[in-house]
Amino acid sequence: MLLDLPPFDHIDAATIEDAVSSLQKIGKKARVIAGGSDLLGLIKDEVKGPEMDIPDVLVNIKTIPEIQRITLDREGNVRIGAAVTLSDLENDALIQSRYSSLPQAARQIGTTQIRNVGTLGGNLCQRPRCMYFRHPHFLCFKKGGGRCFAVTGEHRDYYSIMNYGKCVMAHPSDMAPALIALHSKAVLAGPGGEREIPLAEFFLGDGRPEETVLTSAEFLKYIRIPWHMGNIHQCFLKYRIRQSTDFALSSVAATVRISDGFCEEATVVLGGISPIPHVVAGMEDLLKGKRLCEEIIARAAEKALEGAHPLRFNRYKVDLTKALIRRALNFILESESREGRAIDR
Amino acid sequence: MGEKRLLVKGSPPAPLDRELTVVGMPLNRRDGLEKVTGQAKYSSDLHMPGMLHGKILRCPHLRARITRIDASRAEILPGVRAVLTKENTKGWRTYWYEIPQIALPECLTYEGQEVAVVAAEDVDTAQRALDLIEIEYETLEPMIDMEEVLKNPPPPCVADEEYPGRDLFDRKPFILRRGDVEKGFGEADLTLEETYTTPTQYHASIQTRACVANWDGQNLIVWDSTQGVWNSKGSLAKSFGLDPDQVRVIVEHLGGGFGSKAWAHRISFFAAKLSMATKRPVKMEQSREEEFLNHPHRYNSKITLRMGAKKDGTLTATYEKVFLNIGAAANRHNYNANGIIWQTSNLYACPNVHLEQIGVFTNLQLTGPTRSPFNMPAIFPLECHMDKMAGALGLDPLEFRLKNYSTYASTHVKAELREKEMKISYSSKKLDECMKKVTEAIGWERRKALSCFCQGPKRKGIGMAAFIAHQGGGIFPNTAHADVSIHPDGSINLYIGVVDIGGGQKTILAMIAAEELGVALDDITLISGDTEGTRYAPSCHSSRCTAEMGPPILQAAAQARQKLFEIAARFLHVTAEELASKNGEIYVRSNPGVSMPVRTICSNIDPDNPIWGSGSREINPEDPIFSSFGAQAVELEVDVETGGIKILRVTAAQDFGKAINPKLCLSQIVGGIVEFGVGFALTEEGIYDAKTGKMLNPNLHQYRLPTSLDVPHVDAFLVESQEPHFAFSARGGAELTNTPTPAAIRNALYNAIGIWLNDLPLTSEKILTALRAKHEER
Amino acid sequence: MAKRRLGLIVNGRQREAEIDVRLTLAEFLREVLGLTGTKVGCNRGECGSCTVVMDGKAVYSCSIPAVEAAGKTVLTIEGLAEKGGKLHPIQEAFLNEDALQCGFCTPGMIMSAKALLDSNPTPTETEIKTAVGGNLCRCGCFQNIVKAVSVASGKMAAREGSSDG
């Protein structure tokens, strides 16, 4: 018997309201549990601090039917429930037909077993993979302590090369950059009812105790992908140490709308290299009205990393990320050319 | 060369003189059925009536002294049955790896060291009890980094602080000299010096350490997760001042060891002590984090090699300086003073050598046998350097190695002979065949052209490496024994005190007996993994098992067989010497048509006097030397934009003597390469906080074992040789298969991108940094 | 200590028990039901030795609260063999192809393969590797494991074919 878990209460929520009211009543010592892949590990490892409690109550939201589904609403927006598993997301016909970058992202997360249980919401709301954050003996900023240990310590893999402040962790989600590149919205459930914000604004950086805007009585309900993002050219690429299990050392999500060979819209979002998924500024200005080609793709990659200021031992991520950006845009160029040739026939 | 005879005490049996019907067959492993059905019980699976659960409180600091410990609140927690601290265990030592260690000292010397142990009715209560133990530490300045540590003398010990083995091994260079190394360098047309580093490596066996101990007032039984029941028995008896006959150790199945479980682990001692205190069985199971923190792993190394050679490739001089981070304790089992340099001395012919090996004590966790313990840190630098030398001389790396091929050993393994320069033959050495086999199989002739391969960001390369390892066990004073009994109902029992650690020992050792007796494998009933009913057998580590157990098993089987022949002789009207047996039949050698089934003869055995045969291993002679050899070649693809390596194919050849079971043997070769080999080369790394020395990745998430999607395809070949000293020429050596893999990968990487990397693991970070530096140089 | 009544189907049988809410599914199977074939190698969902098939999908039983398996169907290694103890083709193939050494990862490995072949009877080599990508094997048996799963899929397809015909 291992019984690494401390005592807790477990509530199956029947509805959204049920869940919200439990969270509201209990406060900081309650947390929602969806797949539990990250949450249970954190509890078992006793990751805690003045700003991070080990929960006493787990509110199960897998028992709420409305957030287990992927639906298409009347306006053509795709809604993905936060408790949809990553394997269901990967294999969903609607998602595959409209948003190919999402299965590209989902299938590279974790392992088969993790994808069978882990959820979209869990992937977006997961905690950092920083080794100091997850070590019970290092009390860092995120847990309410007074310093960051990684900045002068170990920071080669899951750490930032840009946008960091006092905390240098890199956000580990793969679904986040892929969904942000699709201009997705996050719909949150809370005491005030439902609220919708751009997914890009869901994340918080700079060493705050939480990585998202969720209050202790809120949880992610679903992600809405706006109807007009269907059929946009898209690509998601991830680079990691092993071909299974590992998080991204760097990831890139790109969406480009191409009309008659010319770029109209472009969004590039970088993951694994910044405390929050990084939307590359000025990408649309650079590409709009132009044809994708080797030279412009190279320029885009250089521009995207202009603001990079890597840590002492993760400089290699700059070149790595530029390569991934070039490859993602090349993928889009090639898929666009293929379609063009198909139409020509 | 000395006499070639089976390494048994007394007279070896005559050779079988017939074709083999069992040995050499690719039979399924005989304990596979229970494993694939979930019926196999490991120590983690055991439950006993009245069983208590033990838990350990561990020191979070690398070096500290307990200034206050008060377990009174834990002791009175309902459900707690015993609490051990330094207060009630004074004078008690454990003998993990035979290292005498104060069980619960006042002064702690490595992270995770035990400070208190609790037994309770359930795990939950035991864990809560740990939280109730009040403890205060004075933290002391830890020794972390080898080079930093060497700048100052060792800090004086505090209180009962001890570093077992420090007097023998700390900072004491062991030097091997031959010829005149300065003169040798003077004769060289090319001299190259490089420094290499290899990281720590953790066994990460999928089963963590677990045991159940039961003291009944007179006798101790431990159902353990050890690779050696007899070694464990001895250590436990010593720790508790018991007669060894009072201690029994049982292992039915073991979930991986790779050297980490070669003796009774610390929890075995604590579980036994708790059982003695409570008079109930006690189960202790390590968590994965404890498994990382608290058992010995591979030492990291820093090795400087300088080699000199003539234009034609002849080596003239080798200088080597080896630093090994030993951690907080050492003994001859977990640190061999010349373990690394022995290989540098012997792998190639070089007349002038000066080799130094220095172990450095630090407050990192203990280090110990880890699959090919000396070989990994020894062979990586040596085989990397050989390739760099060849490159600088403009010679083909294979030809360069063959040019310096040595058919004899210059340095012995026996402690008393290690410093002498010798010229002793190997019992057999087919390393040249191995090297030729793997390079031919990989397509070595494509190597030059492949270095020009360029497809977008992809480059390709081929590389090779070879290795030598000391082999064959036979260390005095532990003599391996085996016994065979034959019964009137036809049952044949083989009694061997070995543990099957996954290498198929239960299968191959029984195959030796079956062949010698002339019966089928299934006719042998195995009594193993238990000190009761068996005699001393070595732990299954250090590549000892097949080499040490094979000969006594053969001898025991032959002895029993001859006694059976004496009964058969009466029925077949010949003398026993005229008989042979095969496929379950005893037959007249000169007239095979005249035969009787073994079972029928057995029915004439006196039920009160079953037949017995016994065998005992002789220690290894001084001459010849027994070694294992092998070579590997690797073809890989590198992405120069991401630094990612994809190994396309590995070819491997190993000289085991002969394989008792080729199916199991090939599994070992492949298995060692793809995990301990590829992992060490590319993905595994113990990561420590530079300031505090704490391990930051004691988990299977960020200590990265190769997954199914990371492992390359391996084509493995067995290069066979005659080895009359061993049973059916089975010299063994399946442990060592991971040895040359990292160097072969690194040499292939050079072939692909023209960069020499000297530090493992070969990560994207290192490759991209090196490529950028090369680019900036231009 | 919070308790709850749990009911689910394990290896074809309805099982009921009152359990501590924090018990993982792995602990429930091993400690309450005595099915020790499912192993716990890390208790963090990182090694895969606890893999069982739940409602047709391979999952890490160490990372699922047992109470969340209520009403579900779970298959463990002990439930795989066919009537009369006849080995499942995956088990047989593992034996014949020597797809195991120490055996500790083997039950989880086989269950991942079972989940794969039930949903994808003719997997490619990459699909097999992906299915067991979350099962660590330190003995390094992957080459033989992939072969075994491939052989098993062939056998199962042949059986389907012959039962159709």
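Residues numbered from 1 in each chain as written. Chains lettered and ligands numbered in written order. Predicted model: local features only at pLDDT ≥ 70, side-chain atom pairs only at ≥ 80, totals over all residues. Heavy atoms only, no water.

A. Representation of the side chain of glutamine 632 of chain B in the model. Residues and elements named next belong to chain B. Considering the arrangement of structural elements, one finds glutamine 632 in strand E28 (residues 627-639). Residue classification places glutamine 632 among the buried positions, given a relative accessible area of 1%. Residues within four places of glutamine 632 in sequence aside, it is in contact with Val438, Gly463, Met464, Ala465, Val650, Thr651, Ala652, Ile673, Thr737, Pro740, Thr741 and Ala744. (Helix = DSSP H or I, 4+ residues; strand = E, 2+ residues; numbered from the N terminus. Buried < 20%, exposed > 50% of the residue type's maximum accessible area, 1.4 Å probe, protein only. Contact = heavy atoms within 4.5 Å.)

B. Unusual backbone geometry, seen in detail. Aspartate 623 of chain B connects to proline 624 of chain B through a cis peptide bond whose omega is 10°. Relative to the helices and strands, proline 624 of chain B resides in the loop between strand E27 (611-616) and E28. Across the junction of leucine 760 of chain B and proline 761 of chain B, the peptide omega takes the value -10°, indicating a cis bond. As for its placement among the helices and strands, proline 761 of chain B is situated in the loop between helix H19 (741-753) and helix H20 (764-777). At threonine 245 of chain A, a residue that is not glycine, the phi angle is positive and equals roughly 75°. Along the chain, threonine 245 of chain A turns up in the loop between strand E9 (233-239) and strand E10 (250-259).

C. Main features of the interface of chain C and chain B. Taken together, the contact between chain C and chain B spans 40 residues of the former and 55 residues of the latter. Summed over both sides, the interface of chain C with chain B buries roughly 3700 Å², with 54% coming from carbon and sulfur. Broken down residue by residue, the surface that chain C buries against chain B is led by Gln101, Arg138 and Gln143 of chain C, which jointly contribute 23%. Run the count over chain C and chain B and you get 6 salt bridges. (Buried area = accessible area lost by both parts, 1.4 Å probe. Salt bridge = Lys/Arg side-chain N within 4 Å of Asp/Glu carboxyl O.)

D. The nonpolar core, seen in detail. In this structure, Met284, Ile486 and Met549 of chain B together with Phe94 of chain C are the most contacted members of the largest nonpolar core, which totals 263 residues. If you tally residues by element for this core, the top one is helix H16 (residues 545-572) of chain B, at 13 residues. With near-sequence residues (within four places) excluded, isoleucine 486 of chain B lies in contact with Ser491, Ile492, Leu517, Ala560, Leu564, Cys602, Ile605, Pro610 and Ile611 of chain B. (Core = buried A, V, L, I, M, F, W, Y, C linked by side-chain atoms within 4.5 Å.)

E. Examining the interface of chain C and chain A more closely. Taken together, the contacts link 29 residues of chain C with 32 residues of chain A. Contact between chain C and chain A buries roughly 2400 Å² in total, counting both sides, with carbon and sulfur atoms accounting for 51%. By the criterion of area lost to chain A, the three top residues of chain C are Arg22, Arg44 and Glu68 of chain C, representing 28% of everything that side buries. Put simply, chain C and chain A have 5 salt bridges between them. With a shortest N-O distance of 2.5 Å, glutamate 68 of chain C and lysine 62 of chain A are connected by a salt bridge. Put simply, chain C and chain A have 18 residue pairs in polar contact (both at pLDDT 80 or more) between them. Looking at the side of chain C that touches chain A, the elements with two or more residues in it are helix H1 (25-32), strand E4 (57-60) and helix H4 (125-131) of chain C. (Polar contact = N/O pair within 3.5 Å; in protein donor to acceptor, adjacent residues only side chain to side chain.)

F. Here's a closer look at the packing of helix H18 (residues 662-683) of chain B against H19 of chain B. All names here are of chain B. Orientation of H18 relative to H19, taken along the N-to-C sense of each, is 50°, at an axis distance of 8 Å. Considering their axes alone, H18 and H19 lie oblique with respect to each other. Handedness of the H18/H19 crossing: right-handed. Touching Ile673, Gly677, Val678, Phe680, Ala681 and Leu682 of H18 are Thr741, Pro742 and Ile745, all from H19. (Axes fitted to C-alpha atoms, helices over the stretch in contact; angles between N-to-C directions. Parallel < 35°, antiparallel > 145°, perpendicular 65-115°, else oblique. Left-handed = near helix turned anticlockwise from the far one by under 90°.)

G. Structural detail: the pattern of salt bridges. For the structure on display, the rule yields 83 salt bridges over all chains. Notably, a salt bridge pairs glutamate 162 of chain B with arginine 93 of chain B, separated by 3.1 Å at the nearest N-O pair. Of this pair, glutamate 162 of chain B sits in the loop between helix H4 (146-150) and helix H5 (166-169) while arginine 93 of chain B sits in strand E4 (residues 93-96), placing them 69 residues apart in sequence. Residues arginine 649 of chain B and aspartate 715 of chain B are paired through a salt bridge, measuring 2.7 Å at the closest nitrogen-oxygen approach. Placement of the pair is arginine 649 of chain B in strand E29 (residues 644-657) and aspartate 715 of chain B in strand E30 (residues 714-720), with a sequence separation of 66 residues. Take arginine 649 of chain B: its relative accessible area is 23%, and that puts it in the partly exposed class. A network of salt bridges, in which partner residues are shared, links Arg326 and Arg327 of chain A together with Lys458, Asp639 and Glu641 of chain B.

H. Just the domain arrangement of chain B, in detail. Residue and element names in this part refer to chain B. Taken domain by domain, chain B consists of domain 1 (32-40 + 474-616), domain 2 (43-141 + 209-285) and domain 3 (297-473 + 623-777). When each unit is reduced to the centre of its C-alpha atoms, the spacing between domain 1 and domain 2 is 38 Å. Interface of domain 1 and domain 2: buried area, both sides summed, is about 1600 Å²; carbon and sulfur atoms make up 52% of it. Of all residues in domain 1, the largest losses of buried area upon contact with domain 2 belong to Val499, Ile501 and Thr531, amounting jointly to 33% of the total for that side. When the shortest N-O distance is used, the salt bridge between glutamate 532 and arginine 248 registers 3.3 Å. Taken together, the links from domain 1 to domain 2 amount to 10 residue pairs in polar contact (both at pLDDT 80 or more). Its residues assigned to classes, the side of domain 1 that touches domain 2 comprises 6 nonpolar, 6 polar and 7 charged. (Domains from an automatic or database assignment. Nonpolar A, V, L, I, M, F, W, Y, C, P; charged D, E, K, R; others polar.)

I. Focus on the state of the cysteines. All told, the structure shown has 0 disulfides over all chains when counted by the stated rule. The cysteine cysteine 665 of chain B is free of any disulfide, with cysteine 434 of chain B supplying the nearest cysteine sulfur at 12 Å. (Disulfide = S-S within 2.5 Å.)

J. Structural detail: the side chain of aspartate 639 of chain B. Along the chain, the position of aspartate 639 of chain B falls in strand E28. Overall, the relative accessible area of 6% leaves aspartate 639 of chain B in the buried class. Side chain to side chain, aspartate 639 of chain B and arginine 327 of chain A meet in a polar contact 2.7 Å long. Here the side chain of aspartate 639 of chain B touches threonine 642 of chain B through a polar contact of 3.2 Å, landing on its backbone nitrogen. Among all residues touching aspartate 639 of chain B, those that are not within four sequence positions of it are Arg327 of chain A together with Pro457, Lys458 and Gly644 of chain B.

K. The arrangement of the packing of helix H11 (residues 375-393) of chain B against H19 of chain B in detail. Residues and elements named next belong to chain B. In the contact formed by H11 and H19, the axes pass within 8 Å of each other and the chain directions differ by 25°. With respect to H19, the axis of H11 lies roughly parallel. In this structure, H11 meets H19 at a crossing whose hand is right-handed. Residue-level inspection shows Met376, Ile379, Phe380, Glu383, Cys384 and Asp387 of H11 in contact with H19, the latter providing Pro742, Ala743, Arg746 and Asn747.

L. Region of interest: the domain arrangement of chain C. Residue and element names in this part refer to chain C. Its domain assignment divides chain C into domain 1 (3-79) and domain 2 (83-164). Distance between the C-alpha centres of domain 1 and domain 2: 21 Å. On the domain 2 side, the residues contacting the 18 residues of domain 1 number 13 residues. Buried surface at the junction of domain 1 and domain 2, summed over both partners, amounts to about 1100 Å²; 68% is from carbon and sulfur atoms. Among the residues of domain 1 in contact with domain 2, Lys39, Thr51 and Ile77 are the three that bury the most area, contributing 38% of the side total. Those elements that provide at least two residues to the side of domain 1 that touches domain 2 are strand E3 (51-54) and E4. Among the residues making up the side of domain 1 that touches domain 2, the classes are represented as 8 nonpolar, 7 polar and 3 charged.

M. Region of interest: the packing of aromatic side chains. Using the criterion set out here, one finds 23 aromatic pairs over all chains in the structure. Here the aromatic rings of phenylalanine 202 of chain A and phenylalanine 203 of chain A are separated by 5.3 Å at their centres, their planes lie at 80°, and the arrangement is edge-to-face. The exposure class assigned to phenylalanine 202 of chain A is buried, which follows from its relative accessible area of 0%. Given a relative accessible area of 5%, phenylalanine 203 of chain A falls into the buried group. Both rings, one in tyrosine 750 of chain B and one in tryptophan 756 of chain B, keep their centres 3.5 Å apart while their planes meet at 5°; by these two values the pair is stacked. The exposure class of tyrosine 750 of chain B is partly exposed, given its relative accessible area of 27%. By the ring-pair criterion, three or more aromatic residues cluster together here, those being Tyr132, Phe138 and Phe149 of chain A. In this arrangement the basic side chain of lysine 437 of chain B is found over the ring face of phenylalanine 717 of chain B, its NZ or CZ atom lying 4.7 Å from the centre. (Phe/Tyr/Trp six-rings, centres within 6.5 Å; stacked < 30°, edge-to-face > 60°. Lys NZ or Arg CZ within 6 Å of the ring centre and 35° of its normal.)

N. Region of the structure containing the sheet that holds strand E2 (residues 64-70) of chain B. Residue and element names in this part refer to chain B. Read across the sheet, 3 strands follow the order E6-E2-E8 without closing on themselves; strand pairing throughout is antiparallel. On the outer flanks of this sheet lie strand E6 (107-108) and strand E8 (134-139), each paired with one strand and no other. Sheet topology note: the E2/E8 ladder contains 6 bridges and is antiparallel. From the neighbouring strand, aspartate 70 faces E8, where its bridge partner is glutamate 134. (Pairing = 2+ DSSP bridges.)

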